[in-house]
Amino acid sequence: MFPDQRLFINGTFSPSVEENPTFFTTTNPATSTPLARVHEASPRDLQYAVDAATKAFETWSRTTPIERSRILNKAVSILRARSDEIAGAESLDTGKPFSETSTVDVPTGADVLEYFAGVCLSGLEGKMIRLREKAWAYTTKEPLGVCVGIGAWNYPIQIALWKCAPALAAGNTFIFKPSEVTPLTANILAEVFTTAGLPSGVFNVVHGGGGVGAWLSNCSGVAKISFTGQVETGKKVYSSAAGSSLKNVTLELGGKSPFIVFPDADLNLAADAAMVANFYSCGQVCTNGTRVFVHSSIKSKFEKLLLERVRDGIRAGDPLDPNVNFGPLVSEGHSKKVKTYIRHGEEVDRARLLCGGLKGTVSLPDGKGLEKGFFVAPTIFTDCSDSMLICREEIFGPVLSILTYETEEEVVRRANDTELGLAAGVFTRDIDTAHRVIGKMNAGICWINTWGESPAEMPAGGWGLSGLGFENGSEALSQFVRTRSVLVENGRFPAVFSKS
Ligand code: NDP
């Protein structure tokens, strides 16, 4: 068991201020055993966090970018030094394999912090606009104030870092609410920032469920909400952010992304990528390419390549075992939701099951308590059609659907036939086809002959119901600043009401 997870407000780990505080438990989804008791923030705790962040903003916003950058870079070094420990905690809390959390979640989170620690050195400069001989305007980039991050459970530490890095680099203060399903690593991040010398109140962590997120979205002392989660929750956050004080909002929401394989593609590469696009993190990735469009002429071959990879390449087991690449789903509730979709695919949609399904099993080592874990077998449906529920709604689990097509025009139309627009990918050896088709995708994050990488330098954000705004890339700093324009007149003021 981990020690009690407290709130981190104003530079201190402390219990709730309530006489009768409330708690919840976070659980290891691989064994269904409790990991830690977590202190839930009450409205009074939340107000205290907003007050502390507001106070800290007075000095942090005036700290020079170079000094802010120095502190954030110290945090990057500490994150890298503690990487395996943090990845281990993340794997216990989420069930994601250590082989992923230690190579992707923590390192790419640290990369983004390092990136914005660098970008803020030049990215916060304004411009000078010459108007007339004796008049000009200049602009400055000013931080917004107290920013809030509300995270999903699939990439907890990475989401925390992607949200707070540009915010803190730009001179804002920050309150992070992790998902109540995966609260552990947010507190470790608070320790990291403290050791790096981040002043008290600049970064705060508050724990709790949807009510905590809703309170923060409604709070008029908050200047910005950066949210990652489901579309329906995102709409609620957007609405309360507008209702309370017209907050700035970034929304990173769900997807149902098309993965298109042309007949001339390198099929081994495409099959490898389709496996990653559906079974990495056990399919709990927002950008997953779950609608795999395969030209009818290569369908049988492609199915065979996928089945070989499921049979020989999936290594399910204890997420902490570095050889394991397939863990449980994050919680019992989520595994039930995923199984309901699989049942629908089998019994109502009547898609043809290629492997997995409700009766599918994963082979697990004995003696580790994994039989109580929330494992779901990697599942592939084929001969799917666009109207099937499994091809329309985000499942967020290890479920791949194969759809066949005949022409480019047809596949482009069907790929775009969704209100979601998070990601899209094209596999072909023809450079013209690649760029022509990717240029027609209604999606914010696109890949050609690859899938899934989201480096710090590349802006990432969804279109349509998949979100608003974006994270990463140098322009993401602009999502955490406002522009002040100043007009300077050195000539004569054209008085209108003076005595002539
Ligand atoms: P949810 O929308 O259920 O929750 C996201 C966060 O919002 C959690 O911290 C949750 O708290 C909180 N929350 C719940 N209700 C409210 C509310 N009314 N107001 C404010 N906050 C609230 O998403 P999941 O955690 O289930 O995450 C999975 C989803 O996230 C998937 O749809 C996935 O596509 C999306 N996602 C998108 C990404 C992107 O970049 N586009 C990346 C990763 C995931 P609590 O959990 O404690 O109840």
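Residues numbered from 1 in each chain as written. Predicted model: local features only at pLDDT ≥ 70, side-chain atom pairs only at ≥ 80, totals over all residues. Heavy atoms only, no water.

Undergrad: Can you break down the pattern of salt bridges residue by residue, with the values?
TA: Within the structure shown, the criterion is met by 28 salt bridges. The shortest N-O distance in the salt bridge between Arg 132 and Glu 489 comes to 2.5 Å. Of the two residues, Arg 132 sits in strand β5 (residues 128-132) while Glu 489 sits in strand β22 (residues 481-489), which places them 357 residues apart along the sequence. For Arg 132, a relative accessible area of 46% gives the class partly exposed. Among the salt bridges present, the one from Arg 311 reaches Asp 312, with a minimum N-O distance of 3.0 Å. Given the relative accessible area of 60%, Arg 311 is considered exposed. (Salt bridge = Lys/Arg side-chain N within 4 Å of Asp/Glu carboxyl O. Helix = DSSP H or I, 4+ residues; strand = E, 2+ residues; numbered from the N terminus. Buried < 20%, exposed > 50% of the residue type's maximum accessible area, 1.4 Å probe, protein only.)

Undergrad: Kindly report on the UniProt feature "domain: Aldehyde dehydrogenase" (unreviewed entry) in the protein chain, identifying the contributing residues and their values.
TA: When the UniProt feature table is mapped onto this chain, "domain: Aldehyde dehydrogenase" (unreviewed entry) is found at residues 22-486. End C-alpha atoms of residues 22-486 are separated by 49 Å, and the span's content is 40% helix alongside 20% strand. (UniProt positions renumbered as here; feature names shortened; annotations may be inferred.)

Undergrad: Quick rundown of the domain arrangement of the protein chain? Include the residues and the values.
TA: Domain assignment breaks the protein chain into domain 1 (7-253 + 466-486) and domain 2 (258-448). Spacing between the C-alpha centres of domain 1 and domain 2 amounts to 31 Å. The partner domain 2 presents 29 residues to the 24 residues of domain 1 that form the contact. Of the roughly 2100 Å² buried between domain 1 and domain 2, counting both surfaces, carbon and sulfur atoms make up 61%. Counting across the domain 1 and domain 2 interface gives zero salt bridges. The interface formed by domain 1 and domain 2 contains nine residue pairs in polar contact (both at pLDDT 80 or more). Every element with two or more residues in the side of domain 1 that touches domain 2 is listed here: α3 (83-94) and α4 (98-122). Split into classes, the residues belonging to the side of domain 1 that touches domain 2 amount to 11 nonpolar, 11 polar and two charged. (Domains from an automatic or database assignment. Contact = heavy atoms within 4.5 Å. Buried area = accessible area lost by both parts, 1.4 Å probe. Polar contact = N/O pair within 3.5 Å; in protein donor to acceptor, adjacent residues only side chain to side chain. Nonpolar A, V, L, I, M, F, W, Y, C, P; charged D, E, K, R; others polar.)

Undergrad: Could you give an account of the UniProt feature "active site" (unreviewed entry) in the protein chain, naming the residues involved and the relevant values?
TA: The feature "active site" (unreviewed entry), as annotated in UniProt, sits at Glu 252 in this numbering. Mapping Glu 252 onto the fold places it in strand β11 (residues 248-252). If near-sequence neighbours (up to four positions away) are discounted, Glu 252 is found in contact with Phe 227, Thr 228, Gly 229, Ala 460, Gly 461, Gly 462, Ser 466, Gly 469, Phe 470 and Glu 471.

Undergrad: Tell me about the site of the ligand, residues and numbers included.
TA: Not every one of the 28 residues close to the ligand is listed here, only the nearest: Gly 151, Glu 180, Thr 233, Leu 253 and Glu 394. Note that an oxygen atom of the ligand is positioned 3.0 Å from one of the side-chain N or O atoms of Trp 153. Within the contact set of the ligand, a nitrogen atom lies 3.4 Å away from a backbone nitrogen or oxygen of Ala 214. Here the ligand loses 87% of its free accessible area of 910 Å² to cover by the protein chains. Here the element with the most residues in the shell around the ligand is helix α7 (residues 210-218); it accounts for four residues. Classifying every residue of the shell around the ligand by side-chain character gives 10 nonpolar, 13 polar and five charged. Of the domains in this structure, domain 1 (7-253 + 466-486) and domain 2 (258-448) are the two that each give at least three residues to the shell around the ligand. (Near = heavy atom within 4 Å. Areas by Shrake-Rupley, 256 points an atom, 1.4 Å probe, with all protein chains shown as cover.)

Undergrad: Requested: an account of the sheet that holds strand β6 (residues 135-143), with residues and values cited.
TA: Read across the sheet, three strands follow the order β5-β6-β22 without closing on themselves; strand pairing throughout is antiparallel. The open sheet has two free edges, formed respectively by β5 and β22, since each of these has just one partner strand. Within this sheet the neighbouring strands show an average axis-to-axis angle of 25°, counted without direction. As paired strands, β6 and β22 are joined by nine bridges and run antiparallel to one another. Bridge pairing links Pro 143 to Val 481 in β22. (Pairing = 2+ DSSP bridges. Axes fitted to C-alpha atoms, helices over the stretch in contact; angles between N-to-C directions.)

Undergrad: How would you sum up α4? Please name residues and give values.
TA: Two residues of an α-helix separated by three or four positions point the same way, owing to the 3.6 residues in each turn. When the terminal C-alpha atoms of α4 are compared, their 36 Å separation across 25 residues agrees well with the 36 Å that a helix rising 1.5 Å per residue should span. Of all the bends in α4, the greatest measures close to 25° and is centred on Pro 107. (Expected span 1.5 Å × (residues − 1). Bend = angle between axes of the 7 residues up to and from the residue.)

Undergrad: An account of unusual backbone geometry is requested, with residue identities and associated values reported.
TA: Positive phi, close to 65°, is recorded for Ser 32, a residue that is not glycine. Mapping Ser 32 onto the fold places it in the loop between β3 (23-28) and β4 (33-39). On the basis of relative accessible area, Ser 32 is assigned to the partly exposed category, the value being 33%. Even without a glycine there, the phi angle at Asp 383 is positive, about 55°.

Undergrad: So what about the packing of α3 against helix α6 (residues 184-196)? Which residues, and what values?
TA: For any two helices packed against each other, the geometry comes down to the angle between their axes and how far apart the axes lie. Taken N-terminus to C-terminus, the directions of α3 and α6 make an angle of 160°; their axes are 9 Å apart at the nearest point. Judged by the angle between their axes, α3 and α6 are roughly antiparallel. Taken as a pair, α3 and α6 cross one another with a handedness that is right-handed. Mapping the contact onto sequence places Ile 86, Ala 89, Glu 90 and Asp 93 in α3 and Leu 184, Thr 185 and Ile 188 in α6. Here the residues of the contact of α3 with α6 are counted per class, giving four nonpolar, one polar and two charged. (Parallel < 35°, antiparallel > 145°, perpendicular 65-115°, else oblique. Left-handed = near helix turned anticlockwise from the far one by under 90°.)

Undergrad: Lay out the environment of Thr 59 with the relevant residues and their values.
TA: By the secondary structure assignment, Thr 59 is in helix α1 (residues 43-60). Judged by its relative accessible area of 48%, Thr 59 falls in the partly exposed class. Taking the C-alpha atoms as reference, Thr 59 lies 10.0 Å from Asn 172; in sequence the two are 113 residues apart.

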